[in-house]
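What follows is the residue order along each chain.
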Number of protein chains: 2
Amino acid sequence: MDSIKLHAPATIANISCGFDILGICLDAPYDEIEIKKISNKEVIINSIKSTFSDIPVIPNQNTGGIPALMIIKDYSLDFGFEINIKKGIPLCGGLGSSAATAAGVAYGINKLLNNKLSEEEIVKYALEGEKISSKTLHADNIGPCINGGFVIIKNTNPLELINVSIGDYYFSVIHPKIKVSTKMARELLPENIKLKDAVKQWGNIASLVYGFTSDNVNLIKSSMEDYIIEPVRSKLIPHYDKVKESALKNGAIGCSISGSGPSIFSISESYEDSKRILSEMEKVFNVHSISYNSYLSKINKRGITIL
Amino acid sequence: MDSIKLHAPATIANISCGFDILGICLDAPYDEIEIKKISNKEVIINSIKSTFSDIPVIPNQNTGGIPALMIIKDYSLDFGFEINIKKGIPLCGGLGSSAATAAGVAYGINKLLNNKLSEEEIVKYALEGEKISSKTLHADNIGPCINGGFVIIKNTNPLELINVSIGDYYFSVIHPKIKVSTKMARELLPENIKLKDAVKQWGNIASLVYGFTSDNVNLIKSSMEDYIIEPVRSKLIPHYDKVKESALKNGAIGCSISGSGPSIFSISESYEDSKRILSEMEKVFNVHSISYNSYLSKINKRGITIL
């Protein structure tokens with residue numbers, strides 16, 4: 001196999017209370033990535049025209065270029081890769097855009113190398129790519145992007161990703177077009193937290209995981225409360241409280257910030273619910289003339305998909 | 001019904017990483033409690049001779065007396081209760097001894113009142129009783145004592161106890177006869193913790209809950225690691241590291257401090273394992289001439305049992 005084409009999907013990290021340890025994979029949006037072996041031992045990045053094509057094409061500045069360069073070096077390959085990236089996931093939106101490109105490239109190259117890499121190595125190279133847009137290494141986007149479904153990131157080093165079997169849920173996602181960099185959103189976080197807040201948070205985390213695995217919608221609903229991160233990060237998102245209120249009022253199981261924001265997601269039980277809820281979330285930004293991208297998606301249980 | 005007799009079982013709070021939010025119910029040891037209606041509007045506490053009968057018998061100083069007094073007052077009862085308590089659970093051992101008496105009395109009186117109280121009220125009165133031996137209100141012993149099984153204490157106010165359905169596990173419990181008061185063990189705890197430690201902890205909590213619900217013994221094993229509480233509290237327990245090491249070396253799935261200690265528990269998959277492991281844990285204290293009580297128990301899925 002000399003070339004491969006794949007979809008690397010968007011992901012929602014944190015899922016409210018599970019900061020840095022929970023992530024879920026979406027059907028849409030996604031990046032479309034094509035990787036071709038080339039005889040020169042180099043990496044060429046082409047950004048295919050799309051709404052979000054404004055990405056660096058210098059390989060060592062591109063989240064997909066970095067894993068490609070590292071794999072060529074570490075495996076002493078005598079060939080290179082041309083990588084065509086059509087971004088479908090908004091940049092700096094909190095939807096795992098960098099992670100998708102990085103994971104998609106590492107995953108795709110592994111296929112071109114006849115699965116030479118272990119799962120752990122794929123994640124490791126993808127994390128190196130993602131690192132240029134985020135200070136710390138965490139796999140709450142890369143894990144669910146590769147594996148699909150609902151993932152607990154138990155540990156990053158050594159890597160322990162736990163795939164949790166859950167039912168079908170629907171996501172309404174809205175990305176207001178404002179700039180919130182992952183770095184900035186991280187820098188806002190407190191270094192220390194009160195033990196009593198941590199206890200409330202881990203009560204919710206335990207309940208949220210059990211809510212999903214036992215398909216207990218009421219439990220998911222009452223567990224999607226974040227005492228630590230949301231109060232700080234939501235301040236970076238205009239009209240956040242209103243968007244959340246309208247989602248919950250219209251039947252969302254829960255609503256929170258996707259990753260480091262500014263995207264906001266809500267979960268519901270049916271496609272119809274998620275459609276109605278999304279339209280209500282959109283109304284809030286319409287009223288305030290804030291432009292946005294919005295997505296409806298089922299939970300994606302496959303992860304990266306080869307075309 | 002004018003009298004009732006019941007067993008109020010010991011419980012293991014925290015289960016390693018789940019400080020204040022996880023608890024499990026044991027078959028043994030337990031308190032035997034008899035409650036009789038009496039015509040005088042008063043509470044009489046009798047401590048029945050046992051290894052641990054050194055408890056206060058003044059009602060407002062007894063963890064069972066307090067809920068009885070409160071219920072008489074709140075429900076304007078025109079009768080009282082004689083309460084005979086035969087303690088089977090060591091006091092100040094970290095095995096929910098106060099909670100068992102408090103919960104047993106509140107639960108038993110509710111039966112004598114033809115289930116006048118809601119589950120929430122039973123827990124509320126039991127918590128008031130437990131409060132005299134612990135500064136803060138938390139239901140990680142009372143919840144599993146009443147309901148049995150594995151319980152997530154999602155919230156104490158308003159009360160939200162989540163009964164988690166899990167398989168059969170066996171517990172080896174050893175209680176070194178040294179004094180560690182719950183108050184003292186609480187005062188040792190840090191007020192603030194690092195966010196990055198909290199994240200590691202909640203990664204384990206999420207994984208532990210999923211490990212139990214999916215009967216994944218390897219996941220339970222790797223999740224039973226406590227970054228916050230064990231490092232501080234284990235210092236109060238002589239030879240803790242050795243006891244833990246010997247339990248793990250002999251096949252325990254996990255080993256940690258029960259509640260605020262000094263009891264140490266380990267989990268295993270079979271009665272045979274738990275027996276062998278307990279004997280190895282005992283050896284450590286034997287070598288150092290520390291006397292102890294020890295117990296073998298299956299997970300108790302019933303909770304308080306009426307005789």
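Calculation notes
- Residues numbered from 1 in each chain as written.
- Chains lettered and ligands numbered in written order.
- Predicted model: local features only at pLDDT ≥ 70, side-chain atom pairs only at ≥ 80, totals over all residues.
- Pairing = 2+ DSSP bridges.
- Helix = DSSP H or I, 4+ residues; strand = E, 2+ residues; numbered from the N terminus.
- Axes fitted to C-alpha atoms, helices over the stretch in contact; angles between N-to-C directions.
- Contact = placed C-beta atoms within 7 Å.
- Parallel < 35°, antiparallel > 145°, perpendicular 65-115°, else oblique.
- Left-handed = near helix turned anticlockwise from the far one by under 90°.
- Buried ≥ 20, exposed ≤ 12 C-beta atoms within 10 Å, placed from the backbone.
- Least-squares fit on C-alpha atoms with pLDDT ≥ 70 in both.
- Domains from an automatic or database assignment.
- Nonpolar A, V, L, I, M, F, W, Y, C, P; charged D, E, K, R; others polar.
- Arc of directions from axis to C-beta.
- pLDDT = per-residue confidence, 0-100.

S.K.: Just to check I follow, could you spell out the sheet that holds strand S11 (residues 292-298) of chain A for this structure?
M.R.: By way of backbone hydrogen bonds, the strands of a sheet pair with one another, either parallel or antiparallel. All names here are of chain A. Spatially, the four strands line up as an open sheet ordered S9-S10-S7-S11, and their pairing is antiparallel. Two strands lie at the open edges of the sheet, namely strand S9 (254-257) and S11, each paired on one side alone. Averaged over all pairs of adjacent strands, the angle between strand axes in this sheet comes to 15°, irrespective of strand direction. In terms of strand pairing, S9 meets strand S10 (residues 264-268) through four bridges, oriented antiparallel. From the neighbouring strand, Gly254 faces S10, where its bridge partner is Ile267. Of the strands in this sheet, strand S7 (170-176), S9 and S10 touch helix H9 (residues 240-249), which is tilted by about 10° from S10. Strands in contact with helix H10 (residues 271-287) are S7, S10 and S11; relative to S7, the strand with the most contacts, it is inclined by about 15°.

S.K.: Sorry, what's going on with the packing of helix H1 (residues 65-74) of chain B against helix H2 (residues 97-112) of chain B here?
M.R.: The angle between the axes and the distance between the axes are what describe a pair of packed helices. Residues and elements named next belong to chain B. In contact at an axis separation of 8 Å, H1 and H2 are set at 30° when each is read in the N-to-C sense. The orientation of H1 with respect to H2, classified from their angle, is roughly parallel. As for how H1 packs across H2, the hand of that crossing is right-handed. Between H1 and H2, the contacting residues are Pro67, Ala68 and Ile71 on the first element and Ala102, Val105, Ala106 and Ile109 on the second.

S.K.: Is there a simple way to think about the pairing of strand S5 (residues 150-156) of chain B in this case?
M.R.: Two faces make up the sheet, and in a regular strand the side chains alternate between them. All names here are of chain B. Counting buried residues along S5, six of its seven residues qualify, which places the element largely inside the surrounding structure. Bridge count between strand S2 (residues 22-38) and S5: three bridges; the pairing is antiparallel. When the bridges of S5 are listed, Ile24 appears paired with Phe150. With six bridges joining them, S5 and strand S6 (residues 159-164) adopt antiparallel strand pairing. Pairing of Phe150 across the sheet is with Val164, part of S6. As consecutive antiparallel partners, S5 and S6 are separated by two residues.

S.K.: What am I meant to see in the relation of the copies chain B and chain A here?
M.R.: Note on the chain copies: they are related by a rotation about an axis and a translation along it. Expressed as a screw transformation, the operator carrying chain B onto chain A has a rotation angle of 180° and an axial translation of 0.0 Å, and the superposed copies differ by an RMSD of 0.0 Å. Such a turn and shift between the copies fits a two-fold axis. Taken together, the interface assignments show that 100% of the residues at the interface of chain B recur at the interface of chain A, consistent with an identical surface on both copies.

S.K.: Explanation requested: the domain arrangement of chain A in the structure shown.
M.R.: When the parts of a complex come together, some accessible area is lost, and that lost area is often used as the size of the interface. All names here are of chain A. As far as domains go, chain A holds domain 1 (3-164) and domain 2 (170-298). Summarising the inter-unit geometry, the C-alpha centres of domain 1 and domain 2 are found 24 Å apart. Contacts between the two partners involve 24 residues from domain 1, matched on the other side by 35 residues from domain 2. Elements with a contribution of two residues or more to the side of domain 1 that touches domain 2: strand S1 (3-13) and strand S2 (22-38). Ranked by the residues each element gives to the side of domain 1 that touches domain 2, the list is headed by S2, at four residues. Its residues assigned to classes, the side of domain 1 that touches domain 2 comprises twelve nonpolar, ten polar and two charged.

S.K.: In this structure, what is going on with the interface of chain B and chain A? I would like to understand it.
M.R.: Every contact between the two is made by 32 residues of chain B and, on the other side, 33 residues of chain A. Examining the composition of the side of chain B that touches chain A, we find that twelve residues originate from one element, helix H6 (residues 195-213) of chain B, more than from any other. In the side of chain B that touches chain A, the residues fall into 19 nonpolar, eight polar and five charged. Pairing analysis gives three bridges linking strand S8 (residues 192-194) of chain A to strand S8 (residues 192-194) of chain B, with the strands arranged antiparallel. Directly across from A:Asn192, in S8(B), lies its bridge partner B:Lys194.

S.K.: When you look at the packing of H2(B) against helix H3 (residues 119-130) of chain B in this model, what are you seeing that I'm missing?
M.R.: All names here are of chain B. It is at 8 Å that the axes of H2 and H3 come closest, and there the two elements cross at 140°. The way H2 lies across H3 gives a crossing that is right-handed. In contact with Ser98, Ala99, Ala102, Ala103, Val105, Ala106, Tyr107 and Asn110 of H2, H3 contributes Ile122, Tyr125, Ala126, Gly129 and Glu130. Along the lines of polarity and charge, the residues of the contact of H2 with H3 split into nine nonpolar, three polar and one charged.

S.K.: What is the right way to look at H9(A) in this model?
M.R.: Spacing of three or four residues puts side chains on the same side of an α-helix, whose turn is 3.6 residues. Residues and elements named next belong to chain A. For H9, the complete set of buried residues consists of Tyr240, Val243, Lys244, Ser246 and Ala247. End-on view of H9: buried residues confined to an arc of 165°, all on one side of the axis. Residues of H9 that are exposed and angled more than 90 degrees away from the buried face: Asp241 and Lys249. Buried residues along H9 sit against S7, S9, S10 and H10. Backbone geometry just downstream of H9 places Gly251 in the positive-phi region, at approximately 100°.

S.K.: Help me understand the environment of A:Val164, please; the structure alone is not making it clear to me.
M.R.: Relative to the helices and strands, A:Val164 is located in strand S6 (residues 159-164). Sequence separation between A:Val164 and A:Lys37 is 127 residues; the distance between their C-alpha atoms is 35 Å. Leaving out residues up to four positions away in the same chain, A:Val164 has contacts with A:Phe150, A:Val151, A:Ile152, A:Val209, A:Phe212, A:Thr213 and B:Tyr210.

S.K.: For this particular structure, what's the right way to read the confidence of the model for chain A?
M.R.: Chain-level pLDDT for chain A is 94 on average; 98% of the residues reach the 70-or-more range. Note on the complex model: pTM 0.93, ipTM 0.91.

S.K.: Looking at this model, I keep getting lost on the sheet that holds strand S11 (residues 292-298) of chain B. Mind explaining?
M.R.: All names here are of chain B. The four strands are arranged S9-S10-S7-S11 in an open sheet whose pairing can be described as antiparallel. Unpaired on one side and paired on the other, strand S9 (254-257) and S11 mark the two borders of the sheet. Direction aside, the axes of adjacent strands within the sheet are offset by 15° on average. Packed onto the sheet, helix H10 (residues 271-287) meets strand S7 (170-176), strand S10 (264-268) and S11 and runs at close to 15° relative to S7.

S.K.: Is there a simple way to explain helix H1 (residues 65-74) of chain A in this structure?
M.R.: Residues and elements named next belong to chain A. Within the span of H1, buried status applies to Gly65, Ile66, Pro67, Ala68, Leu69 and Ile71. Among the structural elements, strand S3 (43-47), strand S4 (80-86), helix H2 (97-112) and helix H3 (119-130) are those in contact with the buried residues of H1. With its phi angle positive at about 45°, Ser76 sits one or two positions after the end of H1.

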